Amino acid sequence: MGEHRLGEILHSLRSEGRVAVAKLATTLSVSEETIRRDLAELERRSLLRRVHGGAVPPRLDQEQPLIERGKHNMRSKARVGELAETLLSEGMSIFLDTGTTTLAFARRLVGKNITVTTNSIDIALLLGQSLARINLTPGALRTKDNALVGYETIAYVGRYFYDMAFMGIGGCDISLGWMDYEEHESTLRQAMRGRARRRVMLADFGKFDRQAYLKTFGLEEPLTVVCDRPPPQHFQQEFALHEVDILHP
């Protein structure tokens with residue numbers, strides 16, 4: 001019932017642009033304190049911003065720091081990482097970008113006979129003692145998530161070719177497509193076009209029906225999408241029209 005109520009709150013927010021605690025409590029037949037707890041939970045998931053008396057949509061140009069994002073949907077992200085592991089073969093060369101879901105996937109790679117290139121210092125440190133080879137891109141350090149970003153990062157990635165590129169994402173909207181919060185992520189993910197035999201999008205269920213700031217790919221983009229459960233039906237129907245494979249339990 002709690003998740004159903006959260007869904008109803010988000011539906012009201014998308015429809016009305018703003019929600020009020022008192023009105024939600026009446027509509028959903030719960031106490032105002034329950035609604036306040038629900039709004040706090042949705043804010044922790046970066047799905048809205050609380051304001052006096054209610055909530056408004058989240059800022060599309062601002063994502064929570066990685067350490068905060070890593071606290072949410074931990075089981076879902078771990079499940080995505082477990083499923084993505086099944087795509088690997090011994091001796092592969094892969095690219096991993098920065099994010100909480102790619103970090104969850106990286107934990108599955110400890111001790112494997114593969115080569116990893118990443119712009120995430122956290123991933124490099126996690127795998128540095130257990131892999132035969134790990135490459136860290138150059139770039140400017142972004143301290144909120146220990147990512148290396150910028151023109152040098154893009155140039156470095158563009159010099160190589162990978163068996164697979166594993167990417168996170170900010171959100172996925174049925175009209176706007178795959179979206180990111182910052183231009184660095186969006187540009188890096190776009191740079192992976194043609195740089196890998198297979199591009200894999202790691203997206204837990206919570207990324208769907210979520211908007212961010214920048215459009216990175218359209219839904220027609222050829223990808224393998226790894227999700228902890230089947231995406232919403234309208235996304236499945238859209239993916240079926242294009243070269244999009246879905247891997248889920």
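The shown structure was predicted, so the numbers you read here are calculated from the model rather than taken from an experiment. For every chain, the first residue of the written sequence is number 1, and numbering continues from 1 onward in sequence order. The predicted origin of the model limits local features to residues at a pLDDT of at least 70 and limits the giving and counting of side-chain atom pairs to 80 or more, whereas totals for whole chains, interfaces and linings rest on all residues. Side-chain numbers here rest on the full set of heavy atoms in the structure, without hydrogens or water.

Draft legend 1. Focus on the overall build of the protein chain. Elements are defined by DSSP. Helices are runs of H or I of four residues or more, strands are runs of E of two residues or more, and each kind is numbered from the N terminus. In terms of helices and strands, the protein chain carries ten helices and 15 strands. When we talk radius of gyration, it's over C-alpha atoms, and the globule rule is simply 2.2 Å times the number of residues to the 0.38. Taking 249 residues into account, the globule formula puts the C-alpha radius of gyration at 18 Å, and the protein chain, at 19 Å, falls close to it. Taking the principal axes of its C-alpha atoms as reference, the protein chain extends roughly 60 × 40 × 30 Å. Only protein chains enter the calculation, and the probe is 1.4 Å; a residue is then buried if its accessible area is under 20% of its type maximum, exposed if over 50%, and partly exposed in between. Across the 249 residues in the protein chain, those meeting the buried criterion constitute 47%. Whether two residues are in contact is decided by their heavy atoms, any of which lying within 4.5 Å being enough. Restricting the contact set of the protein chain to residue pairs at least 6 apart, pairs at least 24 apart contribute 57%. Exposure was quantified through the Shrake-Rupley algorithm and a 1.4 Å probe, taking into account, for residues, occlusion by the shown protein chains and nothing else. Total accessible area on the protein chain stands at roughly 12,200 Å², and carbon and sulfur atoms take up 49% of it.

Draft legend 2. Region of interest: the layout of surface pockets. In this structure, the largest pocket spans a volume of roughly 860 Å³. Every definition here rests on a 1 Å grid over the protein atoms only: cavities are sets of points where a 1.4 Å probe fits but cannot get out, pockets are open sets enclosed by protein on both sides within 12 Å along at least five of seven lines, and lining residues have some atom within 4 Å of a point. Lining the largest pocket are 28 residues, and of these L10, R14, L47, G206 and F208 lie nearest its centre. A per-element tally of the lining of the largest pocket places helix α1 (residues 2–16) first, with seven residues. Considering only residue class, the lining of the largest pocket consists of eleven nonpolar, eight polar and nine charged. Grid points are joined across faces, edges and corners, and a volume is the space filled by probe spheres set on the points. Under the grouping applied here, Gly and all other residues not named as nonpolar or charged are polar, the nonpolar ones being Ala, Val, Leu, Ile, Met, Phe, Trp, Tyr, Cys and Pro and the charged ones Asp, Glu, Lys and Arg.

Draft legend 3. Examining unusual backbone geometry more closely. Unusually for a residue other than glycine, N146 sits at a positive phi of about 55°. Counting through the fold element by element, N146 comes out in the loop between β7 (140–142) and β8 (147–149). A positive phi is found at D209, a non-glycine position, where the angle reads about 60°. On the secondary structure map, D209 appears in the loop between β12 (196–202) and β13 (214–217).

Draft legend 4. Structural detail: helix α9 (residues 183–191). Among all positions in α9, only E185, S186, L188 and R189 are buried. Summarising the axial view, the buried residues of α9 lie within an arc of 165°, below the 170-degree limit, and thus occupy one face. This arc is built from the directions going out from the helix axis to the C-beta atoms.

Draft legend 5. Local environment of the packing of helix α2 (residues 21–28) against helix α3 (residues 32–44). Axes here mean lines fitted to C-alpha atoms, for a helix over just the part in contact, with angles spanning 0 to 180 degrees between N-to-C directions. Relative orientation of the contacting elements α2 and α3 amounts to 110°, with a least axis distance of 9 Å. Of the possible angle classes, the one that applies to α2 and α3 is roughly perpendicular. Remark: the crossing between α2 and α3 carries right-handed chirality. Taken together, the residues of α3 that come into contact with α2 (itself represented by V21, A22, L24, A25 and L28) are E32, I35, R36 and L39. Taken together, the residues of the contact of α2 with α3 sort by class into seven nonpolar, no polar and two charged. Throughout this description, any angle smaller than 35 degrees is read as roughly parallel, any larger than 145 degrees as roughly antiparallel, any in the 65 to 115 degree range as roughly perpendicular, and the remainder as oblique. In this scheme the crossing of two helices becomes right-handed for a clockwise turn of the near helix relative to the far one and left-handed for an anticlockwise turn of less than a right angle.

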